[in-house]
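# A closer look at the structure
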Amino acid sequence: MTKVLGIIGSPRRNGNTHILVNKVLDGARSQGADTDSIFLNDFNIKECDGCHACWKGLECAKKDDMNSFYQKIIDSDILVFGTPVYWYGPTAIMKAFIDRFVYFNCPENREKIRGKSAVVAIPFEEDDEKASLATVEIFEKSINYLEMNLTDVLLAPGVGEKGAVLEKKIILERAYNIGKMLAR
Ligand SMILES: Cc1cc2nc3c(=O)[nH]c(=O)nc-3n(C[C@H](O)[C@H](O)[C@H](O)COP(=O)(O)O)c2cc1C
C-alpha cells in the first residue's frame, strides 16, 4: 500500500497550509493510500549544527523529536511538504525540518530516501506568484539533491486570512487530484 506523509510547516493549525496538505492526503486516501501527517509546530525540532554524528551511524546529537520522524520518512513513499511563504522563504520550523535532512546526505542513509516522490504546497498572501519563487527553489534544489522526485508544486497565491484557501475551489480540486494521481 502506498504510504503518504504530510508535513505541515505552518504554526497556524487548520490554516491554509494545513487545509492544502489535508486535501492532498484526502485525494491519496481515495485511492486506498495509507496517510499520516506531522504538524511540525507540535514538536521540538532543533536546528542542525552539522556535527555529522548521523553520518557515522549514530543517533542525531540533538535528541529531540526529529529522531522519531526519520523512520516515518523512510517508511513513506510520498512526502507532502506544506509551508506558507514567510518573508519569501519557508517558515523557520519547516527550514529546521529540511536542514535535518542532512541525515540523508551520506551514502549509507541516502538510499533510504532516494527515489521517493515529493509534493510541495505553498499558500501566500500576495497575488503575484513570484512571491513564492525563493521558497519553491529551496524545495526544488533540496529534493533534487537528495535524488527524490518532485512531482508537483501547488501554489496558492492571494490567501492571507486563516482558511481563505477554502474559497479557491480550483486550487483545492488540484490538491485533491495531485493526491489521487500520486497514490494510483
Ligand atoms: C511572519 C509572516 C511572514 C509572511 N510573509 C509573507 C510574504 O513574504 N509574502 C506573502 O505573500 N505572504 C506572506 N505572509 C502571509 C502568509 O503566507 C499567508 O497568510 C498564508 O496564507 C499563511 O498560511 P497558513 O494559514 O497556513 O499559516 C506572511 C505571514 C507571516 C505570519
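Structure: above.
It should be emphasised that the depicted structure is a prediction, and the values quoted were computed from it without experimental measurement. Residue numbers run consecutively from 1 along every chain, following the written order of its sequence. Local features in this predicted model are restricted to residues whose pLDDT is 70 or higher, and side-chain atom pairs enter the listing and the counts only when it is 80 or higher, whereas totals over whole chains, interfaces and linings include all residues. Side-chain measures were taken over the full set of non-hydrogen atoms in the model, leaving aside hydrogen atoms and water.

### Details of the site of the ligand
One heavy atom within 4 Å of a molecule or strand is enough for the residue carrying it to be called near that molecule or strand. As a matter of local geometry, the ligand sits amid 16 residues, with Ser10, Thr17, Val85, Val159 and Gly160 nearest to it. Side-chain polar atom of Ser10 to an oxygen atom of the ligand: 2.6 Å apart, as the coordinates give it. The backbone of Asn16 places a nitrogen or oxygen atom 2.8 Å from an oxygen atom of the ligand. Computed with the Shrake-Rupley method and a 1.4 Å probe, the accessible areas treat only the protein chains shown as cover for residues. Relative to its unbound accessible area of 640 Å², the ligand is 81% covered by the protein chains. Using a 1 Å grid laid over the protein atoms alone, points where a 1.4 Å probe fits but cannot get out form a cavity; open sets with protein on both sides within 12 Å along at least 5 of 7 lines form a pocket; any residue with an atom within 4 Å of a point counts as lining. Think of it this way: a molecule belongs to a cavity or pocket when more than half its atoms come within 2 Å of the grid points there. More than half of the atoms belonging to the ligand lie within 2 Å of the grid points that define the largest pocket. Basically, the charged four are Asp, Glu, Lys and Arg, the nonpolar ten are Ala, Val, Leu, Ile, Met, Phe, Trp, Tyr, Cys and Pro, and anything else, Gly included, counts as polar. Across the shell around the ligand, the residue classes break down as 8 nonpolar, 5 polar and 3 charged. N or O atoms within 3.5 Å of each other form a polar contact, as long as, within protein, one can give a hydrogen and the other can take it, and as long as residues adjacent in sequence are counted only when both atoms are side-chain atoms.

### Considerations on the packing of aromatic side chains
Stacked, tilted and edge-to-face are the three classes applied to pairs of Phe, Tyr and Trp rings, where Trp contributes its six-membered ring and a pair requires centres within 6.5 Å; stacked means planes under 30 degrees apart, edge-to-face means over 60, and tilted covers the rest. Evaluated as defined, the whole model comprises 8 aromatic pairs. Pairing Phe43 with Phe69 gives two aromatic rings, centres 5.0 Å apart and planes at 85°, and the pair type is edge-to-face. Placement of the pair is Phe43 in the loop between strand 2 (34–39) and helix 2 (66–75) and Phe69 in helix 2, with a sequence separation of 26 residues. Given a relative accessible area of 33%, Phe43 falls into the partly exposed group. Taking relative accessible area as the criterion, Phe69 reaches 4% and is therefore assigned buried. Comment: elements are numbered from the N terminus, with helices defined as DSSP H or I runs of at least four residues and strands as E runs of at least two. For each residue, the accessible area found with a 1.4 Å probe, counting protein chains only, is set against the maximum for its type, and the residue is called buried under 20%, exposed over 50%, and partly exposed in between.

Shape descriptors only; they carry no functional weight alone.
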